[in-house]
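One-letter residues, chain by chain:
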Amino acid sequence: IYADRCREESGDLLDHVSSIEAIYDYELLRRLLDQEKFNFFGVSYGTYLGALYAELYPQNVGRMVLDAPVDITHSGPDQVIGFDRAFIAFLDYCEENRCELGPDRSTVKQRVTDFLEELDSNPMPVGERVLTQNAALSGLLLYLYFPEDYFRQLDLVLAWAILHGDGSYLLRAADQLDGRDENGSYADSNQAFNAVRCRDESDEGLTNSFDEWTALQRTNSILGPFWGPDVVCPVWTAAGAQPVSFHSLATPIVLVSSLGDSATPYENANNMARVLGSYLVQRNGAGHGSVMRSAGCVDEVVRNYLIDGVTPTQAVTKCQD
């Protein structure tokens, strides 16, 4: 129903929201602005757009910074692995700081996973709504997008739901991640994301989606059992495309990645740097994205490159901030 409704509302436009067609628009803008080179700063999905522009128009690449790279090699870890690592970092925080959820990491982990399992068959009433397993997971994931500074808030929000039976704060976090306002209306960001990715990706079918989820549940993934199969693109009405093959750039660009990035595991950056022949700046910290997370090493390297054209002094720059 979701896919059919999107086709009904979008019409032929749904067949023309691919990343490649967005890059055609980028190149048109460069020409209209009469710019010799295309300078670009992209984060997360924006790193794919930057890499794709560089692949299609390598001669026009100027100063480009790609922060929190996605997987362009189709060989990186599943996204849930990144969130597992971030959740483990939260458990480590609880081990060191004695969270409200429990005195040690094992207690906290057990309480959170038991809570998620229970919600699958018994959603928690929240006013006129209910906190489902999917919504609780979304609320949890929202906090894992941020640096370690947010672990205290995550502890309190989870404790309020698990220990006190009040899921309102967790549901509010889920609404923020899902783009839901107080009137129950949703932003179009999630729908747009699905429309783009289902045009960019080849369709492997529903059976493959369930097989991948089954395989994920057999691993040691903490959050994997609650992740669910990806069934959107297999039923999408716009045809997917074959993966793009990327090549090394004559003009090196700068990639930035956090070792604790939840949404885009750092292996993606290593793979992108290898394929594109780019500089890599690694931040030793949590959170999705690294630029402007601090005023230290990362921002200094990025600022010197974007403003003054000074490239890093080594292939991999390791930052502790």
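Refer to the preceding data block for the structure.
Please read all numbers here as calculations on a predicted model, not as lab measurements.

Reading the values: rules and limits
- Residues numbered from 1 in each chain as written.
- Predicted model: local features only at pLDDT ≥ 70, side-chain atom pairs only at ≥ 80, totals over all residues.
- Heavy atoms only, no water.
- Disulfide = S-S within 2.5 Å.
- Buried < 20%, exposed > 50% of the residue type's maximum accessible area, 1.4 Å probe, protein only.
- Helix = DSSP H or I, 4+ residues; strand = E, 2+ residues; numbered from the N terminus.
- 1 Å grid on protein atoms, 1.4 Å probe; cavity = no way out; pocket = protein on both sides within 12 Å on 5 of 7 lines; lining within 4 Å.
- Points joined across faces, edges and corners; volume = space filled by probe spheres on them.
- Nonpolar A, V, L, I, M, F, W, Y, C, P; charged D, E, K, R; others polar.
- Core = buried A, V, L, I, M, F, W, Y, C linked by side-chain atoms within 4.5 Å.
- Contact = heavy atoms within 4.5 Å.
- Pairing = 2+ DSSP bridges.
- Axes fitted to C-alpha atoms, helices over the stretch in contact; angles between N-to-C directions.

J.: Explain the state of the cysteines to me, using residue names and the numbers behind them.
T.: A full pass over the atoms with the stated rule returns three disulfides. Shown here is the disulfide that connects cysteine 94 with cysteine 99, its sulfur atoms set 2.2 Å apart. One quick way to see it: the torsion about the S-S bond of cysteine 94 and cysteine 99 is about -85 degrees, and its sign makes the bridge left-handed. Assessed through its relative accessible area of 0%, cysteine 94 is described here as buried. Given the relative accessible area of 6%, cysteine 99 is considered buried. The side chain of cysteine 198 participates in a disulfide bridge whose partner is cysteine 233; the two sulfur atoms lie 2.1 Å from each other. Taking the torsion about the S-S bond as the criterion, the cysteine 198 to cysteine 233 disulfide, at about -90 degrees, is left-handed. Here cysteine 198, found in helix α9 (residues 189–200), pairs with cysteine 233, found in the loop between α10 (206–217) and β5 (254–260); they are 35 residues apart in sequence, far enough to count as distant. Since its relative accessible area comes to 11%, cysteine 233 is described here as buried.

J.: I'd like a description of empty space enclosed by the protein, backed by residues and values.
T.: Think of a ball as big as a water molecule: rolled over the atoms, this probe shows where empty space is left. The final tally for this structure, using the stated rule, is one cavity of 30 Å³ or more. What lines the largest cavity is simply Val112, Phe115, Leu116, Ala136, Leu140, Leu158, Ile162 and Leu170. Contributing elements (two or more residues each) for the lining of the largest cavity: α5 (105–121), α6 (133–144) and α7 (151–162). By residue number, the principal contributor to the lining of the largest cavity is α5, which donates three residues. Residue composition of the lining of the largest cavity, grouped by class: eight nonpolar, no polar and no charged.

J.: Could you give an account of the nonpolar core, naming the residues involved and the relevant values?
T.: Formed by 41 residues in total, the largest nonpolar core has its most connected members in Phe87, Phe90, Phe115, Leu131, Leu144, Leu158 and Leu223. Of all the secondary structure elements, the ones that give two or more residues to this core are α4 (79–97), α5, β3 (124–126), α6, α7 and α8 (168–178). Among the elements that take part in this core, α6 stands out by supplying eight residues, more than any other. Ignoring sequence-local partners within four residues, the contact set of leucine 131 consists of Phe115, Leu119, Pro123, Met124, Val126, Ala136, Gly167, Leu170 and Leu171. Among the nonpolar cores identified, the runner-up in size contains 35 residues, and Met64, Val254, Val256 and Met272 belong to it.

J.: Could you give an account of the sheet that holds strand β6 (residues 279–286), with specific residues and numbers?
T.: Taken in spatial order, the five strands make up an open sheet running β1-β2-β5-β6-β7, and their pairing is parallel. Where the open sheet ends on each side, the last strands, each with one partner, are β1 (38–43) and β7 (316–319). The sheet shows a mean angle of 15 degrees between the axes of neighbouring strands, direction not considered. Pairing analysis gives three bridges linking strand β2 (residues 61–67) to β5, with the strands arranged parallel. Among the inter-strand pairings, leucine 66 is bridged to a residue of β5, identified as leucine 255. Here helix α11 (residues 266–276) sits on the sheet in contact with β2, β5 and β6, set at roughly 155 degrees to β5. Its contacts with the sheet put helix α12 (residues 297–308) on β2, β5, β6 and β7, and the angle it makes with β2 is roughly 160 degrees.

Geometry only, nothing functional implied.
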